[in-house]
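One letter stands for each residue in the lines below.
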Amino acid sequence: MIIDGKKVAFLILEELKEKVKKFDKKPGLAVILANDDPSSRIYVASKEKHSLNLGYKSCVYRFDNSITQGKLTELIHELNENPDINGILVQLPLYSHLNESEIIELIDPRKDVDGFHPFNIGKLYAGFNPYAVCCTPKGIVKLLKAYNIKIEGKNALVIGRSNIVGKPVASLLSNENATVTLAHSKTQNLKEYTKNADIIVSATGKAKLITSSMVKKGAVVIDVGIIKQDNGRLVGDVDFEKVKDVASYITPVPGGVGPMTIACLMENTFELFLLHNKR
Ligand code: NAP
């Protein structure tokens, strides 16, 4: 079965829209774009569009490469203090002259809508409730649950160990009582691991890394990868056409994990809004 991330994301967004209508005050999301990567520009535009669709207050700060660490620091401090802003998102990567980890650590963890602040990451790893859970990993677990896919007791293999996808997905799946293996580019005999996995989450950005002979019959395959081919087409890490005949569930690219990331960002913004307006 093909997992329809677009549909699940749509339902999350529709539900959010109804919830937001009940408040006079609106959730506020600030997005900072300080790089010249074309994909980042598209992602930021999409975040702005979705915020406005939901009736959020959306503030996008776009900078050219004359932006300094000092100016960005000032902006984060201002946004931390601004009561109309509930979520602050710094689109990564930043221009190479900027210090990414220093900027992320300046964000108030209660406004860290991406869940990248070490405080929130630490809570996630400890199995406590972070203020916000990283959007792509959260979206993946939501997708599995939307399709009633059992996680507890399953062998889950996460391929890729980035701070924004692989590591937090591994933590979330472990918190859901899967037995988790985390593979990466130095893993020997990847196939041995994929063949043993009930759930495979691939987040490498390597097109067709996962072929049908690597997947156990009936496994669940979640493809996080987004690779733009020379012909402009987007593909994932998985050889979708062949693996879909072996897997019990599989996400397509596009239309799988991607839409869930944005839906979870919108949900995180709303949850932080509720946190800030709790009496
Ligand atoms: P990243 O920071 O580049 O990390 C890639 C990871 O894959 C690394 O841990 C790397 O191992 C591992 N890897 C690379 N080649 C491998 C191989 N042949 N076998 C096993 N592991 C390998 O990437 P990322 O930011 O996590 O993103 C991964 C992909 O997901 C990209 O295509 C990105 O565009 C996509 N993405 C999609 C969404 C979405 O919403 N759908 C969100 C975020 C990212 P090492 O650690 O050893 O280098």
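Quick caveat: nothing in here was measured; it's all calculated off a predicted structure. (Residues numbered from 1 in each chain as written. Predicted model: local features only at pLDDT ≥ 70, side-chain atom pairs only at ≥ 80, totals over all residues. Heavy atoms only, no water.)

**Some words on the sheet that holds strand β2 (residues 57-62)**
Reading across from one edge, β2-β1-β3 is the order of the three strands in this open sheet, with parallel pairing throughout. Of all the strands in the sheet, the pair left with one neighbour each is β2 and β3 (87-91). Shown here is a sheet whose adjacent strand axes are inclined to one another by a mean of 15°, direction ignored. Relative to β3, strand β1 (residues 28-33) is paired through five bridges, and the arrangement is parallel. In the sheet register, A30 faces β3, and the bridge partner there is I88. Packing of helix α3 (residues 69-81) onto the sheet brings it into contact with β1, β2 and β3, and relative to β1 it is tilted by some 175°. Strands in contact with helix α10 (residues 257-276) are β1 and β3; relative to β1, the strand with the most contacts, it is inclined by about 130°. (Pairing = 2+ DSSP bridges. Helix = DSSP H or I, 4+ residues; strand = E, 2+ residues; numbered from the N terminus. Axes fitted to C-alpha atoms, helices over the stretch in contact; angles between N-to-C directions. Contact = heavy atoms within 4.5 Å.)

**Brief notes about the pairing of β1**
Burial of β1 is extensive: six of the six residues sit out of reach of the surface. A two-sided burial pattern is seen for β1, the buried positions comprising G28, A30 and I32 on one face and L29, V31 and L33 on the other. Inspection of the sheet shows β1 paired to β2 by six bridges, in the parallel sense. Across the sheet, V31 pairs through a bridge with V60, a residue of β2. What joins β1 to β2 is helix α2 (residues 38-53), and the crossover it makes is right-handed. (Buried < 20%, exposed > 50% of the residue type's maximum accessible area, 1.4 Å probe, protein only. Right-handed = clockwise from strand over helix to strand, strands pointing away.)

**Description of the pattern of salt bridges**
Enumeration over the complete set of coordinates arrives at eleven salt bridges. For the salt bridge of R62 with E48, the shortest nitrogen-to-oxygen distance reads 3.4 Å. Highlighted residues: R62 in strand β2 and E48 in helix α2, separated in sequence by 14 residues. Of the residues examined, R62 reaches a relative accessible area of 44% and is grouped as partly exposed. The partly exposed category is assigned to E48, whose relative accessible area is 25%. Notably, a salt bridge pairs D198 with K216, separated by 2.7 Å at the nearest N-O pair. Pair noted here: D198 is in the loop between α8 (190-195) and β6 (199-202) and K216 is in the loop between β6 and β7 (220-223), with a separation of 18 residues, a long-range link. (Salt bridge = Lys/Arg side-chain N within 4 Å of Asp/Glu carboxyl O.)

**Examining the packing of helix α1 (residues 5-21) against α10**
Direction vectors running N to C along α1 and α10 enclose 20°, while the axes themselves pass 8 Å from each other. Considering their axes alone, α1 and α10 lie roughly parallel with respect to each other. Viewed along their axes, α1 and α10 form a crossing whose handedness is left-handed. Residues G5, K6, V8, A9, I12, L13, L16, K19 and V20 of α1 form the contact with α10, whose own contacting residues are P259, M260, A263, M266, E267 and F270. (Parallel < 35°, antiparallel > 145°, perpendicular 65-115°, else oblique. Left-handed = near helix turned anticlockwise from the far one by under 90°.)

**Let's talk about the packing of aromatic side chains**
The tally for this structure, following the rule as stated, stands at five aromatic pairs. Ring geometry for Y147 and Y249: centres 6.1 Å apart, planes at 70°, overall edge-to-face. In this pair, Y147 is assigned in the loop between α6 (135-146) and β4 (155-159) and Y249 in strand β10 (residues 249-250), connecting sequence segments 102 residues apart. Its relative accessible area of 16% is what places Y147 among the buried residues. Three or more aromatic residues joined by ring pairs form one cluster here, namely F23, F270 and F273. The side chain of K123 reaches across the aromatic face of Y131, ending 5.4 Å from its centre. (Phe/Tyr/Trp six-rings, centres within 6.5 Å; stacked < 30°, edge-to-face > 60°. Lys NZ or Arg CZ within 6 Å of the ring centre and 35° of its normal.)

Spatial relationships are all this shows, so hold off on functional conclusions.
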